Amino acid sequence: MAGNTFGQLFRVTTFGESHGLALGAVVDGCPPGLELSESDLQGDLDRRKPGQSKYTTQRREDDQVRILSGVFEGKTTGTPIGLLIENEDQRSRDYTAIKDVFRPAHADYTYTKKYGFRDYRGGGRASARETSMRVAAAGIAKKYLREQFGTEIRGYLAQIGSLKAKKFDANEIEKNAFFCPDAELVREIEQLIDELREAGDSIGARIGLIVTNVPVGLGEPVFGKLDADLASAMIGINAVKGVEFGEGFSVVELRGSENRDEMDESGFVSNSAGGVLGGIASGQDITLSVALKPTSSIAKEGQTQNKSGDVTTVSTTGRHDPCVGLRATPIVEAMAALVLMDHCLRDRAQNAEVKR
């Protein structure tokens with residue numbers, strides 16, 4: 001009802017606010033016997049955390065995750081896994097000036113109308129900081145999927161503003177602050193971010209995702225389609241405004257003879273569908289991308305209303321990402337992992353005896 005829990009069999013409930021004492025999650029439904037330690041989860045949290053370069057928010061958070069329950073002698077017990085990350089670098093005073101006004105394109109207005117008031121410190125529950133717990137929980141799913149099926153989930157920055165990656169070198173993704181697979185584009189991205197900071201503005205981005213070694217058969221034929229659940233998970237990420245699979249929106253320009261994925265004796269010869277057919281995984285790579293809007297909290301002054309309905313202006317100071325897409329790659333990976341983990345358990349429950 002309250003919308004803080006994700007998944008059916010592999011269920012993740014998160015809690016906490018951007019400037020509260022801590023952020024936490026309860027992960028229920030993890031199979032017992034999986035070797036698990038905090039270090040298994042910390043790697044992706046380090047990739048997501050703020051303050052790692054001058055191109056993202058300068059809020060300094062170690063994002064050290066603690067496992068509070070559900071693990072005994074280094075293995076999951078099958079009981080709920082409690083996770084906690086303490087907030088260490090809150091500067092709530094930065095938000096005092098906007099406590100009575102609505103930042104355009106932010107959740108300030110809708111939160112106030114829904115609940116009657118809001119936690120204005122960093123956006124409260126609407127802050128992208130909440131996604132740290134999704135990333136932590138997904139570390140469990142990633143490890144299970146990798147060990148059971150060899151599944152690998154890799155995200156990357158495909159575009160920022162008008163700058164598009166023209167080359168894809170997987171080895172370059174972790175070598176720069178942007179998760180960009182095109183080394184030649186990195187310097188241009190740096191220049192763009194410097195220009196945005198100077199102007200007090202922000203920019204949007206597109207994150208690509210490739211999932212390899214996907215078990216064939218995941219997903220349901222009508223409700224609970226794999227691509228539908230993945231799309232829902234992606235739209236559930238802060239600032240995401242669009243999702244596409246495979247050829248995506250470009251299919252409107254294709255003929256059926258061009259778009260269909262034909263087969264020969266070795267299997268599929270193309271992957272226009274992005275790895276899902278009829279809502280069910282085909283066993284091919286899942287390919288998708290998400291579009292993220294520009295950061296809503298910017299220094300550039302804009303027109304808005306206050307809580308009394310009076311027209312005013314607002315300028316958001318403090319520490320903010322000039323592009324939320326710069327740290328979104330681990331979050332996109334995380335939501336894909338949570339969906340795939342949930343579907344693996346659902347498929348096992350119904351189709352354990354089906355030979356594939």
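Treat the numbers as computed from the prediction; the structure is a model and nothing was measured.

A. Up close: the overall build of the chain. Across its full length, the chain carries 7 helices and 18 strands. Here the C-alpha atoms of the chain give a radius of gyration of 21 Å, agreeing with the 21 Å that 2.2 N^0.38 yields for 356 residues. Long-range pairs, those at least 24 residues apart, make up 70% of the contacts in the chain between residues at least 6 apart in sequence. Accessible surface, the chain as shown: approximately 17300 Å² in total, 49% of it carbon and sulfur.

B. Focus on the packing of helix α1 (residues 38–48) against helix α7 (residues 329–351). Axis separation between α1 and α7 bottoms out at 8 Å; the angle between their running directions is 140°. One element, α1, and the other, α7, form an angle in the oblique class. Across the interface between the two elements, Asp44, Arg47 and Arg48 of α1 pack against Thr329, Pro330, Ile331 and Glu333 of α7. Grouping the amino acids of the contact of α1 with α7 by side-chain chemistry returns 2 nonpolar, 1 polar and 4 charged.

C. Expanded view of the pairing of strand β7 (residues 81–86). Where burial is concerned, most of β7 is hidden: 5 out of the 6 residues are buried. Bridging between strand β3 (residues 22–28) and β7 involves 6 bridges; their strand directions are antiparallel. When the sheet's bridge partners are listed, Gly24 is paired in β7 with Leu84. Relative to β7, strand β4 (residues 65–67) is paired through 3 bridges, and the arrangement is antiparallel. Within β7, the residue paired with Val65 across the bridge is Ile85.

D. The arrangement of empty space enclosed by the protein in detail. Throughout the structure, instances matching the rule amount to 1 cavity of 30 Å³ or more. Estimated volume of the largest cavity: approximately 30 Å³. Taken together, Gly217, Leu218, Gly219, Glu220, His343, Arg346, Asp347 and Asn351 make up the full set of residues lining the largest cavity. Taken together, the residues of the lining of the largest cavity sort by class into 1 nonpolar, 4 polar and 3 charged.

E. Up close: the environment of Val186. Mapping Val186 onto the fold places it in helix α4 (residues 186–199). Along the sequence, Val186 and Asn176 sit 10 residues apart, while their C-alpha atoms lie 7.4 Å from each other.

F. Looking closely at α4. Taking 1.5 Å per residue as the helical rise, α4 with its 14 residues ought to reach 20 Å, and the 20 Å between its terminal C-alpha atoms agrees with that figure. In the segment just after α4, Gly200 is the residue with positive phi, at about 70°.

G. Up close: the pairing of strand β17 (residues 302–305). Across 4 bridges, the pairing between β17 and strand β18 (residues 311–314) is antiparallel. Note on β18: the bridge partner recorded for Gly302 is Val314.

H. Molecular detail of the nonpolar core. Ranked by size, the top nonpolar core spans 71 residues in total, and within it Phe10, Leu83 and Ile160 carry the most contacts. The biggest single contributor to this core is α7, with 12 residues. Look past the residues within four positions of Phe10 in its chain and what remains in contact with it is Val27, Asp28, Gly29, Cys30, Ala137, Ile140, Ala141, Leu338, Met341, Asp342 and Leu345.

I. Structural detail: unusual backbone geometry. One non-glycine residue with positive phi stands out, namely Asp63, at about 50°. Structurally, Asp63 can be placed in the loop between α1 and β4. With phi around 55°, Asn213 is a residue other than glycine that occupies positive phi space. One can find Asn213 in the loop between β10 (205–212) and α5 (226–235).

J. Highlighting the side chain of Arg327. In this fold, Arg327 is placed in the loop between β18 and α7. Among the polar contacts made by the side chain of Arg327, one reaches the main-chain carbonyl oxygen of Arg48 at a distance of 2.8 Å.

K. Representation of the packing of helix α3 (residues 131–149) against α7. Close contact between α3 and α7 brings their axes to 7 Å; oriented N to C, the two are set at 50°. On the basis of their axis angle, the class for α3 and α7 is oblique. Our pair here, α3 against α7, has a crossing hand that is left-handed. Here α3 contributes Thr131, Arg134, Val135, Ala137, Ala138, Ala141, Lys142, Tyr144, Leu145 and Phe149 to the contact with α7, which in turn contributes Pro330, Ile331, Glu333, Ala334, Met335, Ala337, Leu338, Leu340, Met341, Cys344, Leu345 and Arg348.

L. Structural detail: the environment of Ile160. Here Ile160 shows up in strand β8 (residues 152–160). Each C-alpha atom of the pair Ile160 and Cys180 lies 9.9 Å from the other, and the pair is 20 residues apart in sequence. The residues touching Ile160, leaving out its near neighbours within four places in the chain, are Ile189, Leu192, Ile193, Ile203, Gly204, Ala205, Cys323 and Leu326.

Cut-offs applied
- Residues numbered from 1 in each chain as written.
- Predicted model: local features only at pLDDT ≥ 70, side-chain atom pairs only at ≥ 80, totals over all residues.
- Heavy atoms only, no water.
- Helix = DSSP H or I, 4+ residues; strand = E, 2+ residues; numbered from the N terminus.
- Rg over C-alpha atoms; globule rule 2.2 N^0.38 Å.
- Contact = heavy atoms within 4.5 Å.
- Areas by Shrake-Rupley, 256 points an atom, 1.4 Å probe, with all protein chains shown as cover.
- Axes fitted to C-alpha atoms, helices over the stretch in contact; angles between N-to-C directions.
- Parallel < 35°, antiparallel > 145°, perpendicular 65-115°, else oblique.
- Nonpolar A, V, L, I, M, F, W, Y, C, P; charged D, E, K, R; others polar.
- Buried < 20%, exposed > 50% of the residue type's maximum accessible area, 1.4 Å probe, protein only.
- Pairing = 2+ DSSP bridges.
- 1 Å grid on protein atoms, 1.4 Å probe; cavity = no way out; pocket = protein on both sides within 12 Å on 5 of 7 lines; lining within 4 Å.
- Points joined across faces, edges and corners; volume = space filled by probe spheres on them.
- Expected span 1.5 Å × (residues − 1).
- Core = buried A, V, L, I, M, F, W, Y, C linked by side-chain atoms within 4.5 Å.
- Polar contact = N/O pair within 3.5 Å; in protein donor to acceptor, adjacent residues only side chain to side chain.
- Left-handed = near helix turned anticlockwise from the far one by under 90°.

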